[in-house]
Amino acid sequence: MTDIESRIDTTRPHTARIWNYWTGGKDNYPVDREAGDRIRTLHPGIGEYAKADRLFLGRAVRHLAGQEGIRQFLDIGTGLPSADNTHEVAQSVAPDARVVYVDNDPLVLAHARALLVGTPEGRTDYLDADLRDIDTILAAAAKTLDLSQPVALMLLGVVIFIEDDEESYAIVRRLLDALAPGSHLVLSHTVTHPDMPDVDEAVAFWNEHGTPKLTQRTPAAVARYFDGLELLEPGVVSCSAWRPETPAPDVAMYAGVGRK
């Protein structure tokens, strides 16, 4: 058994693997599918959140690479490889784009090594690190990215795992402070909303049975991550409502893109 394999716990459901299950992936275990089905019973639309978040990622990256001229992406909390990963979207627009992925899940690491291969013109690297390891992330990312030039900081569905509000805001601010003017923050976050009480029930089930535990925040609290940035239209909204190609129902996953 390799070191990576020894770190994979197949006895408890894991967020990245359930997300993979909901988006039609194969990199999950029975325990993940069982938990995913139970959560979907509590909140039938939950599987659509994963799909909506992935579609938001694609639209945001295409805009940044195509309209904003961004050629560098730092994607923290990568999750399991799926269709239209950050490097695939960015390099389809700009083949010379460089992408650094960061995640601390061993199953993600195992698949990233095999699947996250970029274009010859660009570069795609992977770092095994936790979101809190800011100095480690920045030092390793600087081997691939030029941090004196604009970078898109991708934080999709990852700061939800930082329970303390002030710690989560400080982490995002420290990462942004290290990036050049013209950099962008792309962030999505599960929200608690009075119109969607079943979401709270699903999250409570997850926090009782799954790992790692997650924290919901209000839409206003999610918007606070963008303090001091120039928010791109339409602001911080349901990720399905961020520049959709076709109208889609709102989901309790809010997102935005802001320019430093």
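Residues numbered from 1 in each chain as written. Predicted model: local features only at pLDDT ≥ 70, side-chain atom pairs only at ≥ 80, totals over all residues. Heavy atoms only, no water.

As recorded in an unreviewed UniProt entry, the chain goes by the name SAM-dependent methyltransferase, listed as coming from Streptomyces arboris.

(A) Representation of the side chain of threonine 86 in the model. Turning to its location among the elements, threonine 86 is positioned in helix H5 (residues 86-93). Owing to a relative accessible area of 1%, threonine 86 belongs among the buried residues under this scheme. Once you skip the residues sitting within four places of it in the chain, threonine 86 turns out to touch Leu57, Val61, Phe73, Asp75, Val99, Tyr101 and Met154. (Helix = DSSP H or I, 4+ residues; strand = E, 2+ residues; numbered from the N terminus. Buried < 20%, exposed > 50% of the residue type's maximum accessible area, 1.4 Å probe, protein only. Contact = heavy atoms within 4.5 Å.)

(B) Local environment of the confidence of the model for the chain. Mean pLDDT over the chain: 87, with 92% of residues reaching 70 or higher. Of all helices and strands in the chain, the one with the weakest mean pLDDT is helix H1 (residues 3-6) (58), whereas strand S6 (residues 230-231) scores best (98). (pLDDT = per-residue confidence, 0-100.)

(C) Up close: the side chain of arginine 59. Mapping arginine 59 onto the fold places it in helix H4 (residues 46-66). No salt bridge is formed by the buried arginine 59. Its closest oppositely charged neighbour is glutamate 245, at 6.2 Å. Setting aside anything within four residues of it in sequence, one finds arginine 59 in contact with Cys239, Ser240, Trp242, Arg243, Pro244 and Glu245. (Lys, Arg positive; Asp, Glu negative; His and termini not counted. Salt bridge = Lys/Arg side-chain N within 4 Å of Asp/Glu carboxyl O.)

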